[in-house]
Amino acid sequence: MSNNNKVYISELTNSVGKEVTLAGWLYQARSSGKVLFLIIRDGTGLCQCIVEKGKIPDELFEQLKRLGQESSLMLTGTVRAEQRSVGGYELSVTNAEIICPTEGYPITPKSHGVDFLLKNRHLHLRSHRQWCIGRIRHTVIDAIRRFFNDNGFILIDTPIITTIVGEDQQSLFEVDYFGSPMHLAQTGQLYVESAAMSYGKVYCFGPTFRAEKSKTRRHLTEFWMVEPEVAFIDLPALLELAENFVSFIVAQVLQNNRSDLETLGSDIASLEKITPPFYRLTYTDAVDILTGQKTKDFLAEQLNDLQTQKQQTESRIAELETEQTGQIKQWKKDKIAAELIELCAGLAETNTKIENNPRHAALAAEFRWGKDLGGSDETIISQMHDKPIFVTHYPKRAKAFYMKTDPKNDKVVENFDLLAPAGFGEIIGGSIREDDHDLLLRRIGEQGLNPETYNWYLDLRKYGSVPHGGFGLGVERTIAWVTGEKHIRQCIPFPRMMDKVYI
Ligand code: 4AD
């Protein structure tokens, strides 16, 4: 078959009435005897292709009819605009070439368990949901680079094999570096700090590694982080940079991925509200909120809503189970089975939330000034807001050695976490850095770190030290928040989690 007229599905808008060739994989097929309805995906979209018996050789028609899901093929035909069809166009097929007929593709349109899909991640990447998430990831990463490049930041590539502890000693991945112990980077921050003294405004962007023993929906052991660092900046200006940056990312996703967001069921109306200014709370305000009456009332109301939701889901499940036992067509049975899997997963999640609610309420009520905010505390504060929230000025003893002590209150540091709204939680951590040599040396000692390995970092405070600061945004957490995905493992092509690395 000639490749001359080959177009991508995303370009069909320019091909109405013309004969073109599509090259792709069979996503779904349906037959009504004399007509085949083949939905093809080619990486840029989906298109329904209609094959009528008699319009192509009979033998080819029969071969197409027998084709299994994910067979690869090329189809030639005339393009028609068709509002009701997936993607808005259809192809009336006049010729076909089968490239690799496939049988028994393991991932069928019905629902599968998470474990099965992660084991088959190399194939699951082709599914429509993962495809949408991958496209959004692409936009998020492009927006990150664009924002910094367009605002005068210089990209600095920082090492992955490092000699220093960047965040904390408990979550290091050790590397045997020709007999010397080293570790994988938890952050590029300390290195970009030195580059900021050369270029003024810099950022690093790459994978980071944490051997955190956390199996939560927010933790990966390998995740991507972007870390800007700016010389001569104070905390208010750093918060402004962060809110402009996050708003830009969200705006880019809204502009480029609206249909992906719709497919994923993301909360587009809430994303449209993500514009500066974000909320600003101090850590002390956050503690007052957590331990106050407003939180008690909020959590009690939430428990009520969850119980209503549970009852509604249970009655829908009962309804479907009755329907399933009746005399119904196979396609309807499959549809009900798929809905039941979704509903049961949703019910399990609601039950977990109902179980956790009193524990989280107790943790919040008993929270005492001085502790770091836990996942459930962040969730509560984030659920109470409709836009991201900066929480600033955490207790010094709960935070990393490099954060600058607040000159007005030596119990707290000039730092912030940015919590995404509606219960998602932290997506950014950042701070102004301690720029005083002796204070920094003392903090390194207090945290039990070896000052020798930080000599070069301390040099930055000897030679032209300036106020400076920066932050780190976690890419997968940002994607999970924007898309509404419950677990960040879906937001990276090949996730690495504490309990399992699949492929
Ligand atoms: O708050 P963190 O630990 O900050 C730093 O690493 C600083 N050195 C950044 C800086 O100031 N340059 O991590 C920053 C962000 C978190 O807010 C979160 O989004 C993400 O990195 N993150 C993780 N994402 C997925 N899995 C994990 N285990 C993560 N740990 C942190």
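Residues numbered from 1 in each chain as written. Predicted model: local features only at pLDDT ≥ 70, side-chain atom pairs only at ≥ 80, totals over all residues. Heavy atoms only, no water.

Now for the pairing of strand β13 (residues 389–392). Both faces of the sheet carry side chains from a regular strand, because those side chains alternate between them. Along β13, one buried face is formed by I389 and V391 and the opposite face, lined by F390 and T392, is buried too. Strand direction decides the pairing type here: strand β12 (residues 279–282) and β13, joined by four bridges, are parallel. Opposite R280, over in β13, you have F390 as the bridge partner. Sheet analysis places β13 next to strand β16 (residues 415–420), joined by four bridges and oriented antiparallel. (Buried < 20%, exposed > 50% of the residue type's maximum accessible area, 1.4 Å probe, protein only. Helix = DSSP H or I, 4+ residues; strand = E, 2+ residues; numbered from the N terminus. Pairing = 2+ DSSP bridges.)

All right, on to the packing of aromatic side chains then. As enumerated under the stated definition, the model contains 20 aromatic pairs in all. Measuring from ring centre to ring centre gives 4.9 Å for Y177 and F178, while their planes differ by 75 degrees; the resulting arrangement is edge-to-face. Where Y283 meets Y394, the ring centres are 5.3 Å apart and the plane angle is 40 degrees; that geometry is what we call tilted. On the criterion of sequence distance, the pair formed by Y283 in helix α9 (residues 283–291) and Y394 in the loop between β13 and β14 (405–406) is long-range, its members being 111 residues apart. Residue classification places Y283 among the buried positions, given a relative accessible area of 0%. Joined through ring pairs, the aromatic side chains of F147, F148, F153, Y203, F245, F248, F278, F390, F416 and F471 make up one cluster. (Phe/Tyr/Trp six-rings, centres within 6.5 Å; stacked < 30°, edge-to-face > 60°.)

With that out of the way, let us pick up the domain arrangement of the protein chain. When cut into domains, the protein chain gives domain 1 (9–100) and domain 2 (286–363). A C-alpha centroid distance of 40 Å is found between domain 1 and domain 2. (Domains from an automatic or database assignment.)

This part is about the packing of helix α11 (residues 330–365) against helix α12 (residues 375–383). For the pair α11 and α12, interaxial distance at closest approach is 10 Å and the crossing angle is 95 degrees. Taken together, the axes of α11 and α12 lie roughly perpendicular to each other. For the pair α11 and α12, the contacting residues are H360, L363 and A364 in the first and S376, D377 and I380 in the second. (Axes fitted to C-alpha atoms, helices over the stretch in contact; angles between N-to-C directions. Parallel < 35°, antiparallel > 145°, perpendicular 65-115°, else oblique. Contact = heavy atoms within 4.5 Å.)

What follows deals with the sheet that holds strand β6 (residues 154–155). Picture the strands of a sheet paired through backbone hydrogen bonds; they go either parallel or antiparallel. Reading across the sheet, the eight strands line up as β6-β10-β11-β18-β17-β16-β13-β12 and stay open at both edges, with mixed pairing between neighbours. In the strand order of this sheet, the two ends are held by β6 and β12, each with one partner. Relative to strand β17 (residues 425–432), β16 is paired through six bridges, and the arrangement is antiparallel. Among the inter-strand pairings, D417 is bridged to a residue of β17, identified as G429. Together, β11 (222–231), β12, β13, β16, β17 and β18 (468–474) form the strand contacts of helix α6 (residues 235–256), whose direction differs from that of β18 by roughly 30 degrees.

Residues I144, F245, F416, I427, I428, L473 and W481 are the most contacted members of the largest nonpolar core, which totals 56 residues. The biggest single contributor to this core is α6, with 11 residues. When near neighbours in sequence (up to four residues on either side) are disregarded, I428 contacts A242, V246, F416, D417, L418, F471, G472 and L473. Membership of the second largest hydrophobic core comes to 24 residues, among which are L36, C47, F61 and L75. (Core = buried A, V, L, I, M, F, W, Y, C linked by side-chain atoms within 4.5 Å.)

Attention now goes to the site of the ligand. Close to the ligand lie 24 residues; E167, Q189, E212, E227 and E426 are nearest. At 2.9 Å from a nitrogen atom of the ligand is found a main-chain nitrogen or oxygen belonging to L220. The fraction of the free accessible surface of the ligand (630 Å²) that becomes covered by protein chains is 94%. When contributions to the shell around the ligand are tallied by element, the ones reaching two or more residues are β11, β17 and β18. The element contributing the most residues to the shell around the ligand is β17, with five residues. The residue inventory of the shell around the ligand, partitioned by class, reads eight nonpolar, eight polar and eight charged. (Near = heavy atom within 4 Å. Polar contact = N/O pair within 3.5 Å; in protein donor to acceptor, adjacent residues only side chain to side chain. Areas by Shrake-Rupley, 256 points an atom, 1.4 Å probe, with all protein chains shown as cover. Nonpolar A, V, L, I, M, F, W, Y, C, P; charged D, E, K, R; others polar.)

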